[in-house]
Each structure stands twice: as C-alpha cells, then as structure tokens.
Amino acid sequence: MTKEMLTGNAAAAWGVRLAEVDYIPAYPITPQTEIIETLAKWISAGVLDARFVTVDSEHSMITAAGAASATGVRVFTATSSQGLLYGFEMLYAVAGWRVPLVMVNVSRGLSAPITLEPDHNDILAARDSGFLQIHCETCQEVLDSILMAYRLAEDERVLLPVFVNMDGFHLSFTREPVEIPDLEKAKMFLPAYQPRHAFFKASQPMAQGVAVIGGPAYSYFKYQMHLASIKALEVYNEASKEFGKIFGRSHNTIEGYMIDDAEYILVMINSFSTLGKAAIKEARAKDIKAGLLKLRLLRPFPESDIVKAIKGAKAAAVVDQNISVGKGGILHSEIAGAICNQKDKPLLLSFIGGLGGKNISPQEFEFIIDCMVKAADTGEIPAPRLLYTETEWKEMDRLKKMAGKL
Amino acid sequence: MLRLRFHGRGGQGAKVASRVLGTAAFYEGYYAQDFPLYGAERRGAPIAAFTRISKEPIMERGVIAEPDIVIVIDETLLDDPLAHPLTGLKEGGVVFINTTHSPAEAKLKYKVTAQAVTLDITKIGLEMLGLPVLSTLAGGVASKIAGLGEDALRKAVEKEASEIITDRGLVLKNVEAARYCFHAVQPIEMKTGEVVHKGSPVIDVPFETAVISSPAINTTGNTPLRKTGNWRVFKPVWNYDICTKCMTCVARCPDGCIAVNEDGFPYTDYDNCKGCMICAEECPVKAIERVREVHAW
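Residue numbering note: each chain is counted from 1, following its sequence as written. The naming scheme follows written order: chains are lettered A onward, ligands numbered 1 onward. Whole-chain, interface and lining totals are the exception, using all residues; otherwise, since this is a predicted model, local features are given only for residues with pLDDT of at least 70 and side-chain atom pairs are given and counted only at 80 or more.

*Asks:* Lay out the overall build of chain A with the relevant residues and their values.
*Replies:* The secondary structure listing takes helices from DSSP runs of H or I that are at least 4 residues long and strands from runs of E that are at least 2 residues long, numbered from the N terminus. Counting its regular elements, chain A contains 14 helices and 15 strands. The atom set for the radius of gyration is the C-alpha atoms, and the globule formula is 2.2 Å times the number of residues raised to the power 0.38. Taking 22 Å as the expected radius of gyration for a compact globule of 406 residues, we find that chain A reaches 22 Å, a close match to that expectation. When its C-alpha atoms are laid out on the principal axes, chain A stretches across 70 × 55 × 50 Å. Evaluated residue by residue, chain A yields a buried proportion of 52% over its 406 residues. For every residue pair, C-beta atoms are placed from the backbone, and the pair is scored as a contact if these atoms sit within 7 Å. Contacts in chain A between residues at least 24 apart in sequence constitute 81% of all its contacts with a sequence separation of at least 6. The burial criterion counts other C-beta atoms lying within 10 Å of a residue's C-beta, which is placed from the backbone; the residue is buried at 20 or more, exposed at 12 or fewer, and partly exposed between these limits.

*Asks:* Account for the pairing of strand β11 (residues 290–295) of chain A, naming residues and giving values.
*Replies:* Residues in a regular strand point their side chains to alternate faces of the sheet. Residue and element names in this part refer to chain A. Summarising burial for β11: 6 of the 6 residues are buried, a large majority. The alternating pattern of β11 places A290, L292 and K294 on one face and G291, L293 and L295 on the opposite face, and all of these are buried. Two strands form a pair only when DSSP identifies at least two bridges running between them. Bridge count for strand β9 (residues 254–257) against β11 is 4 bridges, and the pairing is antiparallel. Across the sheet, residue Y257 finds its bridge partner in β11, namely L292. Both strand β10 (residues 264–269) and β11 contribute to a ladder of 6 bridges, which runs parallel. Across the sheet, the residue bridging to V267 is L293, located in β11. Taken together, β10, helix α10 (residues 273–285) and β11 form a β-α-β motif whose crossover is right-handed. If the strands point away from the viewer and the path from the first strand over the helix to the second runs clockwise, then the crossover is right-handed.

*Asks:* Account for the domain arrangement of chain A, naming residues and giving values.
*Replies:* Residue and element names in this part refer to chain A. Domains are outlined according to an automatic or database domain assignment. Taken domain by domain, chain A holds domain 1 (2–247) and domain 2 (254–392). Placing a centre on the C-alpha atoms of domain 1 and another on those of domain 2 gives a separation of 28 Å. The interface of domain 1 with domain 2 comprises 28 residues on the first partner and 21 residues on the second. Listing elements by their share of the side of domain 1 that touches domain 2, those giving two or more residues are α6 (121–125), β6 (132–135), β7 (162–167) and α9 (215–247). In terms of residue count, the dominant contributor to the side of domain 1 that touches domain 2 is α9 (5 residues).

*Asks:* Talk me through the environment of V47 of chain A; I want residue IDs and the actual numbers.
*Replies:* Considering the arrangement of structural elements, one finds V47 of chain A in the loop between α2 (33–45) and β3 (51–54). Residues V47 of chain A and G291 of chain A, spaced 244 residues apart in sequence, show a C-alpha to C-alpha distance of 43 Å.

*Asks:* Please provide a residue-by-residue account of the sheet that holds strand β1 (residues 2–9) of chain B, values included.
*Replies:* In a beta sheet, neighbouring strands are held together by backbone hydrogen bonds and run either parallel or antiparallel to one another. Residues and elements named next belong to chain B. Spatial strand order, β2-β3-β1-β4-β5-β6: 6 strands in an open sheet with mixed pairing. Two strands close off the open sheet at either side, each with one partner strand: β2 (31–37) and β6 (115–119). If you compare each strand with its neighbour and ignore which way they point, the axes differ by 15° on average. Structural elements are reduced to axes, namely lines fitted to C-alpha atoms, with helices fitted over the stretch in contact, and the angle between N-to-C directions of any two is expressed from 0 to 180 degrees. On top of the sheet, helix α2 (residues 103–110) reaches β5 (94–98) and β6; it is set at about 115° to β6, its chief contact. Where helix α4 (residues 135–145) meets the sheet, it contacts β1, β4 (69–72), β5 and β6, and its direction lies at approximately 160° from that of β4.

*Asks:* Mind laying out the interface of chain B and chain A, listing which residues take part and the relevant values?
*Replies:* In many analyses, interface size is given as the accessible surface area lost on bringing the parts together. If you look at the interface, chain B gives 28 residues, while chain A gives 35 residues. Elements represented by at least two residues in the side of chain B that touches chain A include exactly α1 (14–27) and β2 of chain B. If you tally residues by element for the side of chain B that touches chain A, the top one is β2 of chain B, at 6 residues.

*Asks:* Which residues make up the pairing of strand β3 (residues 46–54) of chain B, and what values do they have?
*Replies:* Residues and elements named next belong to chain B. Of all 9 residues making up β3, 8 are buried, and the element is well covered by its neighbours. Inspection of the sheet shows β1 paired to β3 by 8 bridges, in the antiparallel sense. The residue bridging L2 from the neighbouring strand is I53, located in β3. Bridging between β2 and β3 involves 7 bridges; their strand directions are antiparallel.

*Asks:* Report on unusual backbone geometry, specifying residues and quantitative values.
*Replies:* All names here are of chain A. The amide bond that connects A112 to the next residue, P113, takes the cis arrangement and shows omega of -5°. As for its placement among the helices and strands, P113 is situated in the loop between β5 (102–107) and α6. For the bond running from R299 to P300, omega is -5°, close enough to zero to count as cis. Following the sequence through the fold, P300 ends up in the loop between β12 (297–299) and α11 (303–310).

*Asks:* So what's going on with the nonpolar core? Which residues, and what values?
*Replies:* Any nonpolar core is a set of buried residues, restricted to Ala, Val, Leu, Ile, Met, Phe, Trp, Tyr and Cys, that join up through C-beta atoms within 7 Å. Formed by 183 residues in total, the largest nonpolar core has its most connected members in L152, V267 and A317 of chain A together with A17 and I71 of chain B. Broken down by element, this core gets its largest block of residues, 10 residues, from helix α7 (residues 139–154) of chain A. The next biggest cluster of nonpolar side chains, apart from the first, holds 11 residues, and it includes C253, I258, C273 and A280 of chain B.

*Asks:* Tell me about the sheet that holds strand β14 (residues 347–352) of chain A, and please be specific about residues and values.
*Replies:* All names here are of chain A. As summarised here, the arrangement of the 6 strands in space is β9-β11-β10-β13-β14-β15, forming an open sheet in which the pairing is mixed. Two strands lie at the open edges of the sheet, namely β9 and β15 (385–386), each paired on one side alone. Where α10 meets the sheet, its contacts fall on β9, β10, β11 and β13 (315–320), and the angle it forms with β11 comes to roughly 165°. Sheet contacts for helix α13 (residues 362–378): β10, β11, β13 and β14; angle to β13, the most-contacted strand, approximately 145°.

Here's what the structure looks like:
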C-alpha cells in the first residue's frame, strides 16, 4: 500500500490497473482524457497488460466495449458529457446484452451552451439504461469504486454494466491523498473474471443479444434486467463488507454525515457533498441539528436505506446538481417517490445548485438550512429554487450588456 | 488552512507549480489538495491553479476565492481584466510577482496593497534550465512563502518533474532551480485570519424571454481589442542587412503577424506577436534575433 497525491482521473486509472483489465476501447474528451492517457502510458511502459484500441467515436467505443465484454474478457472504458450522449444508443444495447463492463463517466454540463465544468444531467440521462451507477465524492472513492464495480458487474446475480461517476474538474483534476492498495489485496477482493454466460469459443457457438418480436419476450428480458439490478443491492452490501475487511475502509450504498440525530438533512451526491458537509459542521456549531445524506449507489436505488436514514427528521432538502427542464430536480422526485408512503416522513424541499460547476457558497447552504428550519416551523414548503446569488446575477447582467442583450 | 492561488499563462507551469507545493505539503504530513482551472486548453491563455494545505481534513473544493497567498507567474496578467489575480487576496496576505521590479516598484505600478515579494524567475529559468518554463521555480517560491521545508520541496520537485520530464539531467536541474528560488526568497510572516464569508444573498431568478436569455451574442466581435503581445518572453528583431526578403518568416508566422514594409522587408505587429520565435527558427539566413523582453507595455 502506498499513499500518493492523485487526481480523480489518476485514481480511476489506478483502479483499472489493479483490476487487471484486458481491453480498453478509448476516445478522448475533456475532462476524461487523462484517464485513457494514463492507461495508454502504462500499457506502453509494460506495467499494464491490456489491449488499448482507439476508435472513431463514443458510439463505436461503447459497442466495442460491449462486444469485447461478450467474448468474456474484462473491459474498461470512459467518457464524459457530450461523448456519453453520442454513444447513448449503445448504453441500452450493451446493458441488454448483460455484459459486465465498467465505464467511468466524468460529469460535465451538457450543451447548449457548451461548457466544461460539472453537473449531472449527463449521467442522469443514462439513469434508465440498465447500467448500475456508483457516484463518488473523493478520489479515494473513485479508485475503490472501480474495484467494487467489477465485483458487482461480474457477480452472476447481476451481470449488468456499471458506471462509476465523478465530477469533472472538481474531482477529475483535483489531487488529494489516495491510498493505492497492493495488487495482491486487490486480487483477493476481485479475482479474475470467469465468464459463464457470455464468451466466444469455437467449440461452443452461441448467439448473443438476439432480436425478439412480441411483447412477452421483450417484457421478460427487460424485467429480468430490473430484477438483477435490484438484486445488486444485496450483492453491493456483501461486496462493501468484504472491501472493508480487506482494505479497512468501506463505502456503503449511502453515507450519513452527522445524521443520526439530525432534524434537518441535506441530500447530495458526488463531490459537492464535501461542501455540504462543511456547511453541516457550521450549522452544528450554531446548535442547529443538521446532517447530510450522500447518495453513492443511485442504480439500483437504495430506497429502504434512504427511507431509514431520513426517517424522523423534520425536513430534508435535496440539492440537485441537475435540472429536468420543465420539472425540476431529478433526485428530488426520486426521494419524494421513496418516502411518499412513509408515515414519519420529513418535509421535502427542492433546490437546484451547481449547474455547470457553479459554486455553492457557505451562504447558499445557510439559506437552504434556514429554509428547512422555517418550513418545519410553519409547515409551509417553499417553491423549488435555483441557488443563485445577487453577485452572480449582477455579473450575468454585465455579460448580457456586453453581448448586446440589454 | 493555507490557501494559495497561482496565476500564469497556459504552458508556463502554474498547474505543475501548484502540484509541487501540494506534494511538498503532503510529504510534510499535511492534508493537501491541488486543482487547476482552465477552459478549452490553449497555450498562452490565462489559467489559475490552487493549493490548499491544512492540518485538518480539507472540506473545500473548487476555486479559492479568498487566498492567503497569490503567486503571479506572469506579471502581465496583473493588467488582464479576465485574470484579475489580486481579487479576493486576504488582508495581511502575500503576493509574489515574477518581475524585474523590486517589491516597492511592483506595489506602486500594480497598486498592490498586500505584502509583495518579487523575483525574476524567468531569468533564473533561462539561466538554469535554458527555458522560460517556471513550474518548479514558482513551486520553490511558493514553498518558501508557505513555510514548508527545503527537503520536502526537493522531493516534491523530483517527483513532479519526473512525471513530465524523461531527461534525468533536466529533472535534477529543476530541483536545483527550485532550491535556488527557495533560498532567494526571504521568509515572510503571514498575517491572515480564517475566511470570513462575505457571501452574497440568494435571489429569485426572474423569467426573461429567449430574446435575452438565449446564448447568442448580438454585438460584433471584440477580439481585435485583446492584444496578445504581452505574452512574449522573447521578441523577434530583424536585421535588414542580412535579410534576403525571402518571405519565409511571413509564411511561417502562425498568427499572421508579419507583414512587409514599403522596401519589401518583413516586420511584425508587436501588439499581437506572441513571441513564439518560429520566424527566427525558420529564417534561412538567421536574420532574426531573439531579444529577451520584459514589460512589453
């Protein structure tokens, strides 16, 4: 075990190296490229024994990844934002093939207007594809989650592809100390992949990913994917326990921060959770019983864990770093769906913040906590709200003037 | 927590400088975090990089709006309306400026109210590395101002330089250059307090029609207003006694800066010439001289 300063991207590459991946189809895109560059460098230096193939698009890349995985080898690939959308058709296809590849998405806001910094509309667009989704707050989580993702994907009860998601720039290019496990330990946790349902052997011909005509067959295959995804909750918990035993740290489906006695709960995901935790600490210093619930596993949706974690609180505020145009925060709807039939449920508030990487300042977090306290006191729930400050509005006005809009 | 912000131009080494400092702090047992911010990668464009150093786990991410220390690797950025390097520098904080000016001159010229430290690290880079690449040198300066030790700096430069340089000799030269800069800077006392959040209130964002709220720009281009000549470290100077008017330099200039005067001799537009020196490289009779330039304007 060594500890080093690593970016989220380098941590992802280390996870792939320790997983002893066989095949990596690659196509560059900011802010993901550093992952495939690092892997290419290692393959060239002879420290990673894998086949690296550059392709002509993300659509081809995901197809190649799925096809390779269907031959029974361990496959990794990565993309971000526009690239994910360009390959979108194949996400559903490879998930339907039931192949256990692992793909990193480095979140970046979607065009138009085109931008580089993170929000989660890219990865949440893939929410219903059949890929499982693990979301990371720290660079350590990125490395660890890749090992966990292969365990999860390759388990015979699951056999679905897995996304590991991290925020562009705020994690992908941010270095912090990361423990790099020894290869022997990584192998103890993640043995070599032994495919039994998807492989190509001359002695045993088969057809994979076949067409079906007729609803009953289609429904059967789709629903089996759903059942396998739900099954993955149990597999995840087993894997998480074993990970803890081997590496001395574990990552559950959700993480609670100062949540046990919390009356006011922030619900967040990915790297901005760190900022939320700092705000919780500040609120605690002012004697407000606040806590934070971080979602790690988003698909399958750990509904009962979430319900249990926020049960009994006076109010919870979901901070969505995404926007479903014409509806609002996506995770807010998901949490609302999870608690709607519960008796002891908190009031649920909705905030949208951090779009395109916009900072969420301590003052904005104070505002959210204040809204929760007021809602609990009055029983009135404020309308969903975009986190946006007066200073930011003034700066936007200046830009609009410069663009000849005012 | 100590928060440092580096300002440089793409290619100068601000990102690696922030990493040298981050790694040095990590080697000294601190929690450390470093992070660069640039848009679509472009050599010469203003970039910023950030390093946080703390005895406690770091619960911040992203840009540092209120730094204790600002490291300005390219002094022309002090006049740049997009970079504005001094913004948010805390009271009692320190700014380092890579310049030929003394601290007093720099403070006067750039209206700096914070404590200022200056050193011409471009000159040191040219002399010790043969290149105006300033990453490890700025890392050395920053380590000194941040109060880190020389041993951690040496190890950090070796580690970070080895990641990007294959020539072992050049790695060691970088270690020496960083140490030289470390010693050239006097220890300085920081008098900054913890961050006091002077945040701005949350507002309700009103509806505006797409006539205003679409991402379109109605005004005509303003690129000509943005002069790029102050990116230069060297400027090309023509010797018309040798020049054969072959026009190779005119053809090779990637920015179309070189034109021809009434006598048929080439000359450059110093407002926009970035000093890439491709013209001097390509000139078949070596009629173009590289002249070190400080304070283009």
